[in-house]
Number of protein chains: 2
Amino acid sequence: MAAQIPAEALQLRSLVRPDQTLELSLATVPVPEPGPNEVLVRIEAAPVNPSDLGLLLAGADVTTATSMGTPDRPVVTALIPDAAMRGLTARVGESMPVGNEGAGTVVAAGASDAAQMLLGKKVAAAGGAMYAQYRAVDTAFCLELPPDATAADGASSFVNPMTALGMTETMRMENHTALVHTAAASNLGQMLSRLCQEDQIPLVNIVRKPEQEELLRAAGAAFVCDSSKPEFMDELTAALTQTGATLAFDATGGGTLASQILSCMEVAANATATAYSRYGSAVHKQVYIYGSLDKSPTELTRNYGLAWGIGGWLLTPFLQQAGPARAAQLRDQVAAGLTTTFASSYTARVSLPGALSLDAIAGYGRQATGAKYLIVPNAGP
Amino acid sequence: MAAQIPAEALQLRSLVRPDQTLELSLATVPVPEPGPNEVLVRIEAAPVNPSDLGLLLAGADVTTATSMGTPDRPVVTALIPDAAMRGLTARVGESMPVGNEGAGTVVAAGASDAAQMLLGKKVAAAGGAMYAQYRAVDTAFCLELPPDATAADGASSFVNPMTALGMTETMRMENHTALVHTAAASNLGQMLSRLCQEDQIPLVNIVRKPEQEELLRAAGAAFVCDSSKPEFMDELTAALTQTGATLAFDATGGGTLASQILSCMEVAANATATAYSRYGSAVHKQVYIYGSLDKSPTELTRNYGLAWGIGGWLLTPFLQQAGPARAAQLRDQVAAGLTTTFASSYTARVSLPGALSLDAIAGYGRQATGAKYLIVPNAGP
């Protein structure tokens, strides 16, 4: 059935050296024996998500990247700016595996029933170190793929789908009834747009380019605001008034966008007010920052009263808050919609050495909306 | 007993004119008949709190203030900048009374027992329009003062004491164990420092001047950090590490202080960490902005992972969240500590016309820590 399992295989590594240099390389590591409740997955597809880049690139300036070694075993180095280096002291000198999620074929299994049941199956898996040819994974972090799904179909089964579901769940848990999303033409944004249409949640999509607005409208999005247009603030206010959205998820982080959203929410909240309120509207307006596409400081003008909040948002604490039962329900929902609601698309497929080519690093390091890399450590059977 | 009640009396008014000018004046208004559950209070003392200034000054540029009228009936005008005017459309042309709280003698009472019981007593009162010679107040918004307390003792019984208690209550409700406070040498700051010492809550006081540090240390504060010192960040980090404070209340709002506090909290949280966490510490770090001494934008560098939040904080929604029973307990606590824990001090006492002198307006308009005005609409009996 499965190809023979080698004794050693490749694993991508990220190392922060004491000389303030990032080093990316491929290590040859022993292929692990699966433990009793583990399966050994031959990884056939793993996405490069924005949430992988912090660990992978360590804030290094990718324009300084140079490559040594051989085409099969490249060794890439790049300089890490002072500001980024300050937060990295705990990982200096430690060669770290990378890759939050991936998918592939189970080629060996531990003794437990749960593990044995997956033998020969295609699974999606989460838990890190997925940019590798083989990975032993606890069955609790595996999702069996439908028989007709490819590894590429399942590669992005966790991070983006659970994040999209985390946003709509957070909306319900915190008593909002509509959402705002920035960088809305991303893979995640398109997924959230489909999810909100299916669940009839009004969603205001904020994009930065006319072609991104077209893309989302063609896919059925009702509210799309292009921040590059001069009438952006007016259009956003109108969309917020119509939808009543008081919760936003912002992938950009830096600059004035989060503050602009709060300002427009406040105008929308006051549009129906009849009396002057000296402290601003009593409607709570919230922005969660879950990414940092713009690394500059967040600038808040605070012209929206005192009923507002901004904070960081991360998938793992959300799942802990939701609890294991609800998290399992959400995972089932993802499995059912893997090739529809929760489908991802990729603009480039690269091998493990290919993922360390300077072209590829420049490509995913730019974090351009619509450019998405899939690493293929082993070709599918 | 009480002096005769006049038919008309003075009330301070703030008006935003359509020509983008603030107009402050004294109106002669009928002295109201108290309703069944109301008392008529002859106001003898009312503080100028930072929370009064938004309504009073409407964001006008007080350096442009000019005075007309007579010394007894001044009429002051000042220009309102464009940015401030945008939020004021709902109050243009409406002459508004001002003054969140005050204290005085009950000179008439409605028919209810609660009202009759207060006749002839000294009370503190909240509810607005206290910069006036007489004010009818529902007994629910009155606090009977101890027999030996003066109106000046009771004038600040609501806003600052309940805000200080609101901070320690919020700390408990949101599962923090220590606090940070900025502009900590203010009347409110000194009050919070006494309250935290009594309740054994570790409090990190942030001040801007050496003499403010001395003032707080002389009053028993254990942790005081002066942001004007070059070693401020290091001292703040040390204090946060020692106290474990993960909640801050910030009166300044603008600039980088809130972000600096979060940065130091993150360093303190990681001081005990043994492994590298790619998304920052999992410890939730929170800053509530409750004032705007610095009107410039808030600047967040976001170098503190994703477990952080910033938001506006206001007394009224807090009291609604705490519920009426707990609010009543807190009010009793204030009454018991009116001349000790919750005592206020004033640097200037002014009459109603005196409150509209250009000197006084420049004084309280500057919002300098340590300068506090008390308006005396009627001298005490």
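Above this text is the structure in question.
In what follows, the accompanying structure is described. (Residues numbered from 1 in each chain as written. Chains lettered and ligands numbered in written order. Predicted model: local features only at pLDDT ≥ 70, side-chain atom pairs only at ≥ 80, totals over all residues. Heavy atoms only, no water.)

## Describing the overall build of chain A
Here's step 1: Tallying secondary structure elements over chain A gives 13 helices and 20 strands in all.
Here's step 2: Taking 2.2 N^0.38 as the reference for a compact globule, 381 residues should give roughly 21 Å; the C-alpha atoms of chain A span a radius of gyration of 22 Å, in line with that estimate.
Here's step 3: Based on the C-alpha atoms only, the size of chain A along its principal axes is roughly 75 × 50 × 35 Å.
Here's step 4: By the burial criterion, 55% of the 381 residues in chain A qualify as buried.
Here's step 5: Taking as baseline every contact in chain A between residues at least 6 positions apart, the subset at least 24 positions apart corresponds to 71%.
Here's step 6: Surface exposure of chain A reaches about 15700 Å², of which carbon and sulfur atoms provide 54%.
Here's step 7: If the 24 positive side-chain charges of chain A are averaged to one point and the 34 negative ones to another, these points end up 2 Å apart. (Helix = DSSP H or I, 4+ residues; strand = E, 2+ residues; numbered from the N terminus. Rg over C-alpha atoms; globule rule 2.2 N^0.38 Å. Buried < 20%, exposed > 50% of the residue type's maximum accessible area, 1.4 Å probe, protein only. Contact = heavy atoms within 4.5 Å. Areas by Shrake-Rupley, 256 points an atom, 1.4 Å probe, with all protein chains shown as cover. Lys, Arg positive; Asp, Glu negative; His and termini not counted. Charge placed at Lys NZ, Arg CZ, Asp CG, Glu CD.)

## Here's the deal with the packing of helix α5 (residues 159–173) of chain B against helix α10 (residues 315–322) of chain B
Residues and elements named next belong to chain B.
Here's step 1: At a closest axis distance of 10 Å, the pairing of α5 and α10 adopts a crossing angle of 55°. Looking at the two axes, α5 sits oblique to α10. Classified by chirality, the crossing of α10 by α5 is left-handed. Between α5 and α10, the contacting residues are V159, M162, T163, G166, E169, T170 and M173 on the first element and L315, F318, L319 and Q321 on the second.
Here's step 2: Each residue belonging to the contact of α5 with α10 can be placed in one class, and the counts come to 6 nonpolar, 4 polar and 1 charged. (Axes fitted to C-alpha atoms, helices over the stretch in contact; angles between N-to-C directions. Parallel < 35°, antiparallel > 145°, perpendicular 65-115°, else oblique. Left-handed = near helix turned anticlockwise from the far one by under 90°. Nonpolar A, V, L, I, M, F, W, Y, C, P; charged D, E, K, R; others polar.)

## Things to note about the relation of the copies chain A and chain B
Here's step 1: Note on the identical chains: chain A maps onto chain B by a rotation of 180° and an axial translation of 0.0 Å, with an RMSD of 0.0 Å. Taken together, the rotation angle and the small translation identify this as a two-fold axis.
Here's step 2: Counting the interface residues of chain A, we find that 100% of their copies in chain B are interface residues as well, pointing to one common contact surface. (Least-squares fit on C-alpha atoms with pLDDT ≥ 70 in both.)

## Digging into the environment of P353 of chain B
All names here are of chain B.
Here's step 1: Mapped onto the fold, P353 is located in helix α12 (residues 352–355).
Here's step 2: Residues P353 and R278, spaced 75 residues apart in sequence, show a C-alpha to C-alpha distance of 61 Å.
Here's step 3: Beyond its immediate chain neighbours, meaning those up to four positions away, P353 contacts L26, P71, D72 and P74.

## What to know about helix α13 (residues 358–365) of chain B
Given 3.6 residues to a turn, an α-helix orients residues that are three or four positions apart in the same direction.
Residues and elements named next belong to chain B.
Here's step 1: Those residues of α13 not exposed but buried are A360, I361, G363 and Y364. Across the axial projection of α13, the buried residues extend over an arc of 160°, all falling on one side.
Here's step 2: On its buried side, α13 packs onto β2 (21–30), α1 (50–57), β5 (74–79), α12 and β20 (373–375).
Here's step 3: Phi turns positive, to about 55°, at Q367, one or two residues after α13. (Arc of directions from axis to C-beta.)

## Points about the pairing of strand β13 (residues 223–226) of chain B
Residues and elements named next belong to chain B.
Here's step 1: On β13, burial covers both faces: F223 and C225 on one face and V224 and D226 on the other are all buried.
Here's step 2: Looking at chain direction, strand β12 (residues 203–207) and β13 are connected through 4 bridges and run parallel. Bridge assignment links N205 to a residue of β13, and that residue is V224.
Here's step 3: Once you follow β12 into helix α7 (residues 210–218) and on to β13, the crossover reads as right-handed. (Pairing = 2+ DSSP bridges. Right-handed = clockwise from strand over helix to strand, strands pointing away.)

## Some words on the sheet that holds strand β4 (residues 66–69) of chain B
Residues and elements named next belong to chain B.
Here's step 1: The 5 strands are arranged β4-β5-β2-β1-β6 in an open sheet whose pairing can be described as antiparallel. Each end of this open sheet is capped by a strand with a single partner; those strands are β4 and β6 (96–97).
Here's step 2: Against the sheet, α1 touches β1 (8–17), β2 and β6, its axis set at about 95° to β2.

## Structural notes on the pairing of strand β17 (residues 294–300) of chain B
Here's step 1: Across 3 bridges, strand β17 (residues 294–300) of chain A lies against β17 of chain B in antiparallel orientation. Across the sheet, the residue bridging to L300 of chain A is T298 of chain B, located in β17 of chain B.

## What about the interface of chain A and chain B?
Here's step 1: In this assembly, 33 residues from chain A lie in contact with 33 residues from chain B.
Here's step 2: When chain A packs against chain B, close to 2800 Å² is buried across both sides, 59% of that on carbon and sulfur atoms.
Here's step 3: The interface formed by chain A and chain B holds 0 salt bridges in total.
Here's step 4: At the junction of chain A and chain B, the tally comes to 13 residue pairs in polar contact (both at pLDDT 80 or more).
Here's step 5: Looking at the side of chain A that touches chain B, the elements with two or more residues in it are α1 (50–57), β15 (253–255), β17 and β18 (308–312) of chain A.
Here's step 6: Among the residues making up the side of chain A that touches chain B, the classes are represented as 15 nonpolar, 12 polar and 6 charged. (Buried area = accessible area lost by both parts, 1.4 Å probe. Salt bridge = Lys/Arg side-chain N within 4 Å of Asp/Glu carboxyl O. Polar contact = N/O pair within 3.5 Å; in protein donor to acceptor, adjacent residues only side chain to side chain.)

## Comments concerning the environment of A343 of chain A
Residues and elements named next belong to chain A.
Here's step 1: Turning to its location among the elements, A343 is positioned in the loop between α11 (324–336) and β19 (348–350).
Here's step 2: Accessibility expressed as a relative area gives 24% for A343, which makes it partly exposed.
Here's step 3: Along the chain, A343 and L188 lie 155 residues apart, while their C-alpha atoms are 9.6 Å from each other.
Here's step 4: Residue contacts for A343: discarding those within four places in its chain leaves M191, R194, G337 and L338.

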